[in-house]
Amino acid sequence: MWLEIDVTRQQLICWRGEQRLEAWPVSTALAGTGQQEGSGQTPLGWHYVRAAIGGDQPVGAVFRGRRPTGETYSAELAAAHPGRDWILTRILWLCGLESGSNRGGAVDSQRRYIYLHGTPPDQPMGVPRSHGCVRLRDEALLRVFALAPPGTPVWLHALPSKA
């Protein structure tokens, strides 16, 4: 099992070997792709799922610092906390596999807290809008969470656009 995240197409594909199993729209960084800490960009290259967090939480559970807050996302909660970067439902925390590119120093994806995570239902999919992470709808995230346990390889890439 492995995951492919195509930043150009804003799509996550789940593979078993060479067999494509399922695909879902995602939302990667509004700031584009890049490895540098503090850039707000989505890092590229080979990663793996370091940790799967929140399996015992309800759909819509709110996380801060990788810990559930005890809140469940709602329009009322969103109105009370405008501008909050919502991390919902589950977290798949990524760790880079390429020294100097996405592992170590100021380019370390794990230390940058790069996740696959849920997002509010009013946030668009298929267009870049995140702060660096990979956002998914809850239904997609729950399926990926079930298919991709810790240790699962993840390839994030971007193809050149055809102008």
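Residues numbered from 1 in each chain as written. Predicted model: local features only at pLDDT ≥ 70, side-chain atom pairs only at ≥ 80, totals over all residues. Heavy atoms only, no water.

A. Seen up close, the side chain of Gln 35. Note on placement: Gln 35 falls in the loop between β3 (19-25) and β4 (45-53). Polar side-chain contacts of Gln 35 include one of 2.8 Å to the backbone nitrogen of Leu 44. Polar side-chain contacts of Gln 35 include one of 2.9 Å to the backbone oxygen of Ser 101. If near-sequence neighbours (up to four positions away) are discounted, Gln 35 is found in contact with Gln 41, Thr 42, Pro 43, Leu 44, Ser 101, Asn 102, Ala 106, Val 107 and Arg 112. (Helix = DSSP H or I, 4+ residues; strand = E, 2+ residues; numbered from the N terminus. Polar contact = N/O pair within 3.5 Å; in protein donor to acceptor, adjacent residues only side chain to side chain. Contact = heavy atoms within 4.5 Å.)

B. The arrangement of the packing of aromatic side chains in detail. Overall, the coordinates contain six aromatic pairs when judged by the stated rule. Note on Tyr 73 and Trp 86: the rings are 5.1 Å apart at their centroids and 80° apart in plane angle, and the pair reads as edge-to-face. Residue Tyr 73 is found in the loop between β6 (67-72) and α1 (75-80), and its partner Trp 86 is found in the loop between α1 and β7 (87-96); the two are separated by 13 residues along the sequence. Exposure remark for Trp 86: the relative accessible area of 8% places this residue in the buried category. One aromatic cluster in this structure is built from Trp 2, Trp 15, Trp 46 and Trp 155. Just above the ring of Trp 93 sits the side chain of Arg 66; from NZ or CZ to the centre is 4.9 Å. The positively charged end of Arg 90 is found above the aromatic ring belonging to Phe 145, 5.6 Å away from the centroid. (Phe/Tyr/Trp six-rings, centres within 6.5 Å; stacked < 30°, edge-to-face > 60°. Buried < 20%, exposed > 50% of the residue type's maximum accessible area, 1.4 Å probe, protein only. Lys NZ or Arg CZ within 6 Å of the ring centre and 35° of its normal.)

C. Structural context of the pairing of strand β10 (residues 153-157). By the bridge criterion, four bridges tie strand β1 (residues 2-6) to β10 in an arrangement that is parallel. Counterpart to Glu 4 in the pairing with β10 is Trp 155. Where β4 and β10 come together, four bridges link them in antiparallel fashion. Note that in β10 the partner of Gly 45 across the bridge is Leu 156. (Pairing = 2+ DSSP bridges.)

D. Just the nonpolar core, in detail. Leu 3, Leu 12, Leu 116, Leu 136 and Val 144 are the most contacted members of the largest nonpolar core, which has 21 residues in total. Elements with a contribution of two residues or more to this core: β1, β2 (11-16), β7, β9 (134-136), α2 (138-147) and β10. Per-element tally for this core: the top contributor is α2, with five residues. Setting aside residues no more than four positions away along its own chain, Leu 3 makes contact with Leu 12, Ile 13, Cys 14, Leu 116, Val 144, Ala 148, Thr 152, Pro 153, Val 154 and Trp 155. Counting nine residues, the second-largest nonpolar core is a separate cluster that includes Ala 51, Ile 87, Ile 91 and Cys 133. (Core = buried A, V, L, I, M, F, W, Y, C linked by side-chain atoms within 4.5 Å.)

E. Layout of unusual backbone geometry. Of note in the backbone geometry, Gln 10 takes a positive phi value of approximately 55° without being a glycine. Given a relative accessible area of 4%, Gln 10 falls into the buried group. Positive phi, normally seen in glycine, also occurs at Thr 89, with a value near 75°. Among the structural elements, Thr 89 can be located in strand β7.

F. Just the environment of Arg 9, in detail. If you trace the backbone, Arg 9 turns up in the loop between β1 and β2. As for Arg 9 and Val 26, which are separated by 17 residues in sequence, their C-alpha atoms are 8.9 Å apart. A distance of 2.7 Å separates a polar atom in the side chain of Arg 9 from a polar atom in the side chain of Asp 6.

Keep in mind these numbers describe shape, not what the thing actually does.
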